[in-house]
Amino acid sequence: MAEKQLLLEVVTPDRKVLATDADVVVCPGVEGQFGVLIGHVPFLSALEIGEMYYKLGGKTEYLFINGGFAEVTGAKVTIVAESAEMGKEIDVERARRAKERAEQRLAKAKTEAIDWTRAEAAMRRSLMRMKVAGR
Ligand code: ATP
């Protein structure tokens, strides 16, 4: 019998965040958001800091993804991210504090040399975590 659902795995260097069946998976690719349905051609894509979601039986679950890669092979989608959390795992207060720190760092850029790329990425992570937590 043909397989009807995808298997989705999200892993980070620290842990397995999620392993689930899914009807569709949508990811934040560096060249734009992309969706995967069963039977998708195999491919590999780099991911942005962003949100991903999957649908299963009419229910949608959102996750924060801190960059990485998505590999699609047959019926399986594997996400390997620098860090990732399910929406319900996100500590909003922590994300708010991270945003404040990033704002303070970026504000210093007028008068001193800062690592702009790093501060800007921290800002994007915090904003995206707050967005995903609010889903
Ligand atoms: P912070 O400065 O608060 O550590 P960060 O963006 O630098 O934020 P990451 O390097 O992305 O953090 O992640 C480090 C670890 O902490 C990962 O395991 C990640 O899942 C977790 N983490 C970071 N922020 C949060 C959050 N707001 N809620 C839950 N887990 C978080």
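Provided above is the structure to which this section pertains.
All figures in this text were calculated on a predicted structure; none of them were measured in a lab.

About the thresholds
- Residues numbered from 1 in each chain as written.
- Predicted model: local features only at pLDDT ≥ 70, side-chain atom pairs only at ≥ 80, totals over all residues.
- Heavy atoms only, no water.
- Phe/Tyr/Trp six-rings, centres within 6.5 Å; stacked < 30°, edge-to-face > 60°.
- Axes fitted to C-alpha atoms, helices over the stretch in contact; angles between N-to-C directions.
- Helix = DSSP H or I, 4+ residues; strand = E, 2+ residues; numbered from the N terminus.
- Parallel < 35°, antiparallel > 145°, perpendicular 65-115°, else oblique.
- Left-handed = near helix turned anticlockwise from the far one by under 90°.
- Contact = heavy atoms within 4.5 Å.
- Near = heavy atom within 4 Å.
- Polar contact = N/O pair within 3.5 Å; in protein donor to acceptor, adjacent residues only side chain to side chain.
- Areas by Shrake-Rupley, 256 points an atom, 1.4 Å probe, with all protein chains shown as cover.
- Domains from an automatic or database assignment.
- Core = buried A, V, L, I, M, F, W, Y, C linked by side-chain atoms within 4.5 Å.
- Buried < 20%, exposed > 50% of the residue type's maximum accessible area, 1.4 Å probe, protein only.

This brings us to the packing of aromatic side chains. A complete count under the given rule lists two aromatic pairs for this structure. Relative to Phe-43, the ring of Phe-34 lies with its centre 5.2 Å away and its plane at 75 degrees, an arrangement referred to as edge-to-face. With centroids separated by 5.2 Å and ring planes inclined at 45 degrees, the aromatic side chains of Tyr-53 and Tyr-62 adopt a geometry described as tilted.

With that out of the way, let us pick up the packing of helix α1 (residues 92-107) against helix α2 (residues 116-133). Where α1 meets α2, the closest approach of the two axes is 8 Å, and the angle between their N-to-C directions is 150 degrees. In this view, α1 runs roughly antiparallel relative to α2, as classed from their interaxial angle. Considering how the two elements wind past one another, α1 and α2 form a crossing that is left-handed. Packed against α1, whose contacting residues are Val-92, Ala-95, Arg-96, Ala-98, Lys-99, Ala-102, Glu-103, Arg-105 and Leu-106, the element α2 presents Trp-116, Ala-119, Glu-120, Ala-122, Met-123, Ser-126, Leu-127, Arg-129, Met-130 and Ala-133 at the interface.

To continue, consider the site of the ligand. Close to the ligand lie 13 residues, the nearest being Glu-85, Arg-94, Arg-101, Arg-125 and Arg-129. A distance of 2.8 Å is found between an oxygen atom of the ligand and a side-chain nitrogen or oxygen belonging to Arg-94. Across the complex, the protein chains shield 70% of the 590 Å² of accessible surface that the ligand would expose by itself. Every element with two or more residues in the shell around the ligand is listed here: β8 (84-86), α1 and α2. No fewer than three residues from each of domain 1 (6-87) and domain 2 (90-133) sit in the shell around the ligand.

So, about the nonpolar core. Leu-8, Val-10, Val-25 and Ile-79 are the most contacted members of the largest nonpolar core, which totals 22 residues. Elements that contribute at least two residues to this core include exactly β1 (6-11), β2 (16-22), β3 (24-29), β4 (32-37), β5 (43-56), β6 (59-73), β7 (76-81) and β8. Looking at this core element by element, the count peaks at four residues for β6. For Val-10, the contacting residues outside a window of four places in its chain are Lys-16, Val-17, Leu-18, Met-52, Leu-63, Ile-65, Ile-79 and Ala-84. Core analysis: the second largest hydrophobic core is formed by six residues, Ile-49, Phe-64, Ala-121 and Val-132 among them.

Read these as geometric descriptors, not functional statements.
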